[in-house]
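Here are the chains, one letter per residue:
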Amino acid sequence: MPQPADATPVVSMSNSDLAGQDRFGWYTDVVREGIAPFALASPYADDFTARVTATRIGDARLTAFSFLPLSAVRTPRLIRRGDPESYQLGLIEGGPLQATQRRGTNAVQVGGLAFFDTSYPLEADFPDSGNGITVTILRLPKNTFPLPNDLVDRLLCRPLSSRSVTGSLLRHFMGSALRPDGDRSVNENTRLGGIAVDLAAAFLAGHLDSGSLLPAETRNRALMARIDAFIDANLGDPHLTPTAIASRHHMSVRALHQLFSTERNTVMGTVRRRRLERCREALGDPLLKGRSIGAIAAQWGFGSPAEFSRLFRRTYGTTPREFRRDSAR
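All of the points below concern the structure found in this document.

### Some points on helix α12 (residues 320–327)
- Those residues of α12 that fall on the buried side of the exposure criterion are Pro320, Phe323 and Arg324. Within α12, the buried residues cover an arc of 95° as seen down the axis, which keeps them to one side.
- Among the structural elements, α9 (267–283), α10 (293–299) and α11 (305–316) are those in contact with the buried residues of α12.

Spelled out as structure tokens, the structure:
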């Protein structure tokens, strides 16, 4: 289906339609365009299958590469040939990675994150572990990244744990932004691009113990992303209040309200809107037609059926019962 002019699409492509001898060259070209020029080698080069899914998010680029075991080398000559002057934050899945850049050598296990700079030589090896490999790479322009280059360089090819809250959010973001139904408007794309940079910067600052170096705006947006995720994960809790949200994030209720002062909705307005959205999805789901409206409302944190019906009608211009009936037609 053609995309609207103001949409940012998620593009997926593979080399499955090419002859076996052409597939490795295709993948080398895709890596050059999606990351930077590399010299690639693989024991499967004669019949190399690969798939790539990519999208732009603001000034950043997010790409998932699925491929067979290979080694990749970026030499000074290749850097002179082409350097996008960007940082690369990669989520490693399917098989481990052994990489070397500057003074760092890192063995990244499945589920780990690796950090690179396109302006320095790099050696990376994905050994044959019996599985296909997927690397999701967030490409971040260095000239707009909010951390000093000399500090960020300390993390090149260093072990980066993603077990923190920010790390978990970053991993989730990198996967969800590449969903096939992820086409976005220009405004939404710009907003998500800002979130990508803020989460990456907060994640790296946490490993540098240098959170104070982040601009206040970046810190606030990264905090907002954590609060958004907490709200989404706890919508069914009827005790999800500003006090509970502020306590969970070690801040005062006043500071929480101030953080939301530039948002479209207040704290509880955001909670109610997202609860209504979940209820609306459930009411339109034919698989849930046997579940009562009251049970659906309670599942998503509404303690009063009357209050739920009133809010639903005020928001969507119809009652929950009428919406469910019309959705079934």
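Following the structure, the description resumes.
### Topic: the sheet that holds strand β2 (residues 11–14)
- In spatial order, the strands read β2-β4-β5-β12-β7-β10; together these six strands make up an open sheet with antiparallel pairing. One side of each edge strand has no neighbouring strand; the edge strands of this open sheet are β2 and β10 (113–117). Going from strand to strand, the sheet's axes swing by 20° on average, the running direction of each strand aside.
- The strands that helix α1 (residues 20–34) touches are β2, β4 (51–57), β5 (60–67) and β12 (133–141); relative to β5, the one it contacts most, it runs at about 160°.

### Here's the deal with the nonpolar core
- Counting residues in each nonpolar core, the largest one holds 40 residues, and the members touching the most others are Leu89, Phe115, Leu138 and Phe145.
- Listed by contribution, the elements that provide at least two residues to this core are β5, β7 (86–93), β10, β12, α3 (149–152), α4 (165–176), α5 (186–208) and α6 (216–233).
- In terms of residues, this core owes the most to one element, α5, which gives 12 residues.
- For Leu89, the contacting residues outside a window of four places in its chain are Leu113, Ala114, Phe115, Thr136, Ile137, Leu138, Leu160, Leu170, Met174, Ala200 and Phe203.

### Focus: the side chain of Asn15
- When you line up the elements, Asn15 lands in the loop between β2 and α1.
- Owing to a relative accessible area of 1%, Asn15 belongs among the buried residues under this scheme.
- Only 3.0 Å separates the side chain of Asn15 from the backbone nitrogen of Ala50, close enough to count as a polar contact.
- Those residues in contact with Asn15 that lie beyond four places of it in its chain are Arg23, Trp26, Phe48, Thr49 and Ala50.

### With respect to the environment of Met251
- Here Met251 is to be found in the loop between α7 (242–248) and α8 (253–259).
- Take Met251: its relative accessible area is 19%, and that puts it in the buried class.
- Sequence spacing of Met251 and Gly58 is 193 residues, and the spatial spacing of their C-alpha atoms is 30 Å.
- With residues near it in sequence (within four places) discarded, Met251 still touches Leu223, Ile227, Ala246, Leu256 and Leu259.

### Thoughts on the sheet that holds strand β11 (residues 122–126)
- If you trace the five strands from one edge of the open sheet to the other, you get β3-β6-β11-β8-β9, paired in antiparallel fashion. Both edges of this open sheet fall to β3 (39–41) and β9 (104–108), since each of them pairs with a single strand only. Direction aside, neighbouring strands of the sheet carry axes that sit 10° apart on average.
- Relative to β11, strand β8 (residues 97–101) runs antiparallel, the two sharing four bridges. Paired with Gln98 across the two strands is Asp125, which belongs to β11.

Reading the values: rules and limits
Residues numbered from 1 in each chain as written. Predicted model: local features only at pLDDT ≥ 70, side-chain atom pairs only at ≥ 80, totals over all residues. Heavy atoms only, no water. Buried < 20%, exposed > 50% of the residue type's maximum accessible area, 1.4 Å probe, protein only. Helix = DSSP H or I, 4+ residues; strand = E, 2+ residues; numbered from the N terminus. Arc of directions from axis to C-beta. Contact = heavy atoms within 4.5 Å. Pairing = 2+ DSSP bridges. Axes fitted to C-alpha atoms, helices over the stretch in contact; angles between N-to-C directions. Core = buried A, V, L, I, M, F, W, Y, C linked by side-chain atoms within 4.5 Å. Polar contact = N/O pair within 3.5 Å; in protein donor to acceptor, adjacent residues only side chain to side chain.

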